[in-house]
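# Coordinates in review
Take a look at the letters that make up each chain.
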Amino acid sequence: MRADSGELERAGGSEPPPAREERRLIREAQRGSAAALAALYSAHWRRAHRAAYLVLHDAAAAEDVAQDAFLAAVDALDRFDRRRPFGPWLHRIVVNRAIDWSRRESLRRRVVDEAGELEQRGGDGAPAGADLGTDLMAALAELPVEQRAIVVLRHLLEYTPGEIARMLEMPRGTVNSRLRRALDQLGSALEGER
Amino acid sequence: MNEQRLRELLGAVEVPDAAAAERRGRAVVEAAFAERLASGAPRRSGPARLPRLAVAVALATLVAALLLSPAGAAVRDWVGEVFDGGGETGLREIPGGGRLLVQSEGGPWVVGPDGSRRLLGGYEETTWSPHGLFLAVVSGRTLTAVEPNGTPRWSLSAPGRVFGPRWSPSGLEIAYRSGSSLRVTGADARGDHRIASRVAAVSPAWSPLSAPQLAYLGADGRLRIAASASGEVLAAAPALPALESIEWSASAAGYGLLLEVGAAALQVRQTVVGKLAGTTVLGPPRRLDLPGATELRDAALSPDGRTVAALVLVEGPRGARSVVRLIDSRDGSFRRLYSLAGDGLTELAWSPDGSRLLVADPRRDQWLFLRRGPYEGRSFDGIAAAFSPGRAPAGFPTVEGWCCRAPGG
């Protein structure tokens, strides 16, 4: 699907549109405009998908999570307060679903491992199918999933600790301390990058 | 490492298959949006409520935008059926060619490449011979070989009720279960003999390699490889719990790949014909993960043994979704080939050349033919009625096999 006007084309790509333009797109989508929804999708998919991938380290699962988040957005479109930005709303869904997915998967693998039915795979805490092709991915995989999510929210999606705290429903101090620990661990793992 | 550098690294990580994932997600989201509009979901109105005509125009615009865009060009057929549930009316051809063997309430049907159909008779089960020249059909305790036009060639009476016939790749033998035993007969009805006395209710699978061997599930839950002539067990191992089916394909590397399909899990093993004639080595099992899946509906091994197609249910924000995944049998990585809201999809089957998948959608009364590579496919509806001529369909037919492109091929 391509947006059907030059104006909407400018909103495409991986960067969110300006706030005013985004409010217009949401308003149009709420009224049934497929082109507006297409523009919102184009503007937000890549960051949402990347965020899910960085939390999950599993391309297929990240695709599922990002897709489900957009489906949730479509479902809740009528209830969405268009004075608020779309991105944080979507990212909150993406990251929380990614955390839930990772926890479920981790639990499932533990159960299966205990039953002695699964070959050992991947690194500690990294979901099956992980692509640990880069040092950063390998270092991220060593972090607990909540810390990965906080790093992604802070340093990929650029939310403040206060915003992250609201998204993940945890105290701001906890966000700060987990972020500090995560950065220390990443720094150690990527020593050459110091 | 400073925070700016971390930001750069996070932004530079390559997400595998990102462009295709974006296209797939786009099609699914668009379809959901169109479904929502079509279902009359409340829309927040502007200064004036949009009339129905505007909704129709919006849908038409969406469809047009889809079909005209480069991505849309690749998915036009696929998106069409997702949009309105309507496929092409009547099965007029089999995309990709070949012939289907379809089991309906009234018996098995052979479907030609042009969609023509022939009912073979009131048989309960059926299977193709390796080149599609004959079929083995079952009625009670009788196993019969018939030509594709329904002409019987021979019949034999088994000691007990016959189930799950499977014709060997050489064309020389047919294996079947009779009561609780596993038996093999020559393809000319001679030399019928018992291979094993206590087997589970799972159809056997023939070795795709040169050796005349069978894989079957014993009543004790062990997977066994046996010589078809003597019944001698050549290899055995604990099977996947709750095993429902076994498939065995040859790989390009010269070994076999055995797929075990359980109620909720998939497992593969390599099989190698040993240097000593008549021996086979059964490799260690390797589980294929189904992350996020709440139910495994069906699975099938591609003819080249490289890919397992799995039909799973995934719980999403709008309820269950039926998802077809293609899983690499070597490393377990997978990608989503198709996804549809609801739990309506029930089974899948590979085309003979492995380029397409047939997916059954009884709820929409459709068969979907999905291409394995490009993101596209076609759908045909009116399937139940096509296999229940002259009466109300009693159920949705099941696909028993998709055979070679032409008789003798």
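Criteria and cut-off values
- Residues numbered from 1 in each chain as written.
- Chains lettered and ligands numbered in written order.
- Predicted model: local features only at pLDDT ≥ 70, side-chain atom pairs only at ≥ 80, totals over all residues.
- Helix = DSSP H or I, 4+ residues; strand = E, 2+ residues; numbered from the N terminus.
- Buried ≥ 20, exposed ≤ 12 C-beta atoms within 10 Å, placed from the backbone.
- Contact = placed C-beta atoms within 7 Å.
- Core = buried A, V, L, I, M, F, W, Y, C linked by C-beta atoms within 7 Å.
- Domains from an automatic or database assignment.
- Axes fitted to C-alpha atoms, helices over the stretch in contact; angles between N-to-C directions.
- Parallel < 35°, antiparallel > 145°, perpendicular 65-115°, else oblique.
- Nonpolar A, V, L, I, M, F, W, Y, C, P; charged D, E, K, R; others polar.
- Pairing = 2+ DSSP bridges.
- pLDDT = per-residue confidence, 0-100.
- Left-handed = near helix turned anticlockwise from the far one by under 90°.
- Expected span 1.5 Å × (residues − 1).
- Arc of directions from axis to C-beta.

## Description of the overall build of chain A
Along chain A, the regular secondary structure elements total 9 helices and 0 strands. Starting at the N terminus and walking to the C terminus, you meet the elements of chain A as α-α-α-α-α-α-α-α-α. Classification of the 194 residues of chain A by burial places 48% in the buried group. Counting contacts in chain A only where the partners sit at least 6 residues apart, residues at least 24 apart contribute 65% of the total.

## Quick look at the overall build of chain B
Secondary structure assignment for chain B yields 5 helices and 30 strands. Within chain B, the proportion of its 409 residues that are buried is 44%. Pairs at least 24 residues apart make up 42% of the contacts formed inside chain B by residues separated by at least 6 positions.

## Here's the deal with the nonpolar core
For soluble globular proteins, the rule of thumb is that nonpolar side chains tend to be buried together. Ranked by internal contacts, the top residues of the largest apolar core, which has 160 residues, are Ala52(A), Val94(A) and Val152(A). The two domains that each donate at least three residues to this core are domain 1 (3-38 + 51-84) and domain 2 (88-403) of chain B. Sequence-distant contacts of Val94(A), defined by excluding residues within four places in its chain, comprise Ala48(A), Ala51(A), Ala52(A), Val65(A), Ala66(A) and Ala69(A).

## Brief notes about the packing of helix 8 (residues 161-168) of chain A against helix 9 (residues 172-189) of chain A
What describes two packed helices is the angle between their axes and the distance between those same axes. Residue and element names in this part refer to chain A. At their nearest, the axes of helix 8 and helix 9 sit 8 Å apart, and the two run at 110° to each other. The angle between helix 8 and helix 9 falls in the class roughly perpendicular. Residues Pro161, Gly162, Ile164 and Ala165 of helix 8 touch helix 9, and the partners they reach there are Arg172, Val175, Asn176 and Leu179. For the contact of helix 8 with helix 9, a count of residues per class yields 5 nonpolar, 2 polar and 1 charged.

## Points about the sheet that holds strand 8 (residues 152-157) of chain B
All names here are of chain B. Reading across from one edge, 5-6-7-8 is the order of the 4 strands in this open sheet, with antiparallel pairing throughout. Each of the sheet's edge strands pairs with one partner strand only, and the pair in question is strand 5 (125-128) and strand 8. Ignoring strand direction, the axes of neighbouring strands in this sheet form an average angle of 20°.

## Points about unusual backbone geometry
For His57(A), which is not glycine, the phi dihedral falls at a positive 60°. Relative to the helices and strands, His57(A) resides in the loop between helix 3 (34-56) and helix 4 (59-75). Of note in the backbone geometry, Ala189(B) takes a positive phi value of approximately 75° without being a glycine. The topology assignment puts Ala189(B) in the loop between strand 11 (181-186) and strand 12 (193-196). Judged by local crowding, Ala189(B) falls into the partly exposed class, with 15 C-beta atoms found within 10 Å.

## Description of the environment of Ala61(A)
Along the polypeptide, Ala61(A) turns up in helix 4. C-alpha separation for the pair Ala61(A) and Trp101(A), spaced 40 residues apart in sequence, amounts to 8.2 Å.

## What to know about the sheet that holds strand 22 (residues 293-301) of chain B
In spatial order, the strands read 22-23-24-25 (chain B); together these 4 strands make up an open sheet with antiparallel pairing. Bordering the open sheet on either side are strand 22 and strand 25 (334-341) of chain B, each of which pairs with just one other strand. The mean inter-strand angle of the sheet, taken between neighbouring strand axes irrespective of direction, is 20°. Relative to strand 23 (residues 307-316) of chain B, strand 22 of chain B runs antiparallel, the two being bridged by 7 bridges. What sits directly across from Ala299(B), in strand 23 of chain B, is Ala310(B). Contacts from helix 4 of chain A reach strand 23 and strand 25 of chain B within the one sheet, and its direction differs from that of strand 25 of chain B by about 25°.

## A closer look at the pairing of strand 10 (residues 173-178) of chain B
Residues and elements named next belong to chain B. Extensive coverage of strand 10 is indicated by the burial of 6 of its 6 residues. Alternating residues of strand 10 divide into Glu173, Ala175 and Arg177 and Ile174, Tyr176 and Ser178, and every residue in both groups is buried. Pairing of strand 9 (residues 162-167) with strand 10, which is carried by 4 bridges, proceeds in the antiparallel orientation. Across the sheet, Arg166 pairs through a bridge with Ala175, a residue of strand 10. The hairpin formed by strand 9 and strand 10 contains 5 residues between the paired strands, and Gly171 there has a positive phi angle of roughly 85°.

## A word on the confidence of the model for chain A
Residue and element names in this part refer to chain A. The predicted model of chain A has a mean per-residue pLDDT of 78, with 76% of residues at 70 or higher. Mean pLDDT values over the elements of chain A span from 30, in helix 1 (residues 6-11), up to 94, in helix 7 (residues 145-155). Predicted confidence for residues 1-13 stays below pLDDT 50, and this span has 34 contacts to residues more than four positions away or in other chains. Overall, residues 114-133 carries pLDDT values under 50, and its contacts beyond four positions in sequence, including any with other chains, amount to 47 contacts.

## Side note on the packing of helix 2 (residues 19-30) of chain A against helix 3 of chain A
Residue and element names in this part refer to chain A. Orientation of helix 2 relative to helix 3, taken along the N-to-C sense of each, is 135°, at an axis distance of 7 Å. By the angle between their directions, the pair helix 2 and helix 3 is classed as oblique. Note on packing geometry: the crossing formed by helix 2 with helix 3 is left-handed. Along the contact surface, helix 2 presents Leu25, Glu28 and Ala29, while helix 3 presents Ala36, Leu37, Ala39 and Leu40.

## So, the pairing of strand 7 (residues 142-146) of chain B
Residues and elements named next belong to chain B. Counting buried residues in strand 7 gives 4 out of 5 residues, a clear majority hidden from the surface. Strand direction decides the pairing type here: strand 6 (residues 135-139) and strand 7, joined by 5 bridges, are antiparallel. From the neighbouring strand, Val137 faces strand 7, where its bridge partner is Thr144. A loop of 2 residues connects strand 6 with strand 7, the two strands running antiparallel in sequence, and Gly140 in this loop sits at a positive phi of about 60°. Pairing analysis gives 5 bridges linking strand 7 to strand 8, with the strands arranged antiparallel. Across the sheet, the residue bridging to Ala145 is Trp154, located in strand 8.

## A word on the confidence of the model for chain B
Residues and elements named next belong to chain B. Of all residues in chain B, 84% have pLDDT values of 70 or greater, and the mean over the chain is 83. Per-residue pLDDT, averaged within each element of chain B, yields its smallest value for helix 4 (residues 70-84) (33) and its largest for strand 10 (97). Taken together, the stretch residues 45-85 has pLDDT below 50 and engages in 68 contacts with residues farther than four places along the chain or on a different chain. Overall fold confidence (pTM) sits at 0.60, and the ipTM for the predicted complex is 0.82.

## Focus: helix 2 of chain A
All names here are of chain A. The end-to-end C-alpha distance of helix 2, which contains 12 residues, comes to 16 Å, matching closely the 16 Å that a straight helix rising 1.5 Å per residue would cover. Restricting attention to buried positions, one finds in helix 2 the residues Glu22, Leu25, Ile26, Ala29 and Gln30. Projected down its long axis, helix 2 carries its buried residues within an arc of 135°, all on one side. At the exit of helix 2 stands Gly32, carrying a positive phi of roughly 105°.

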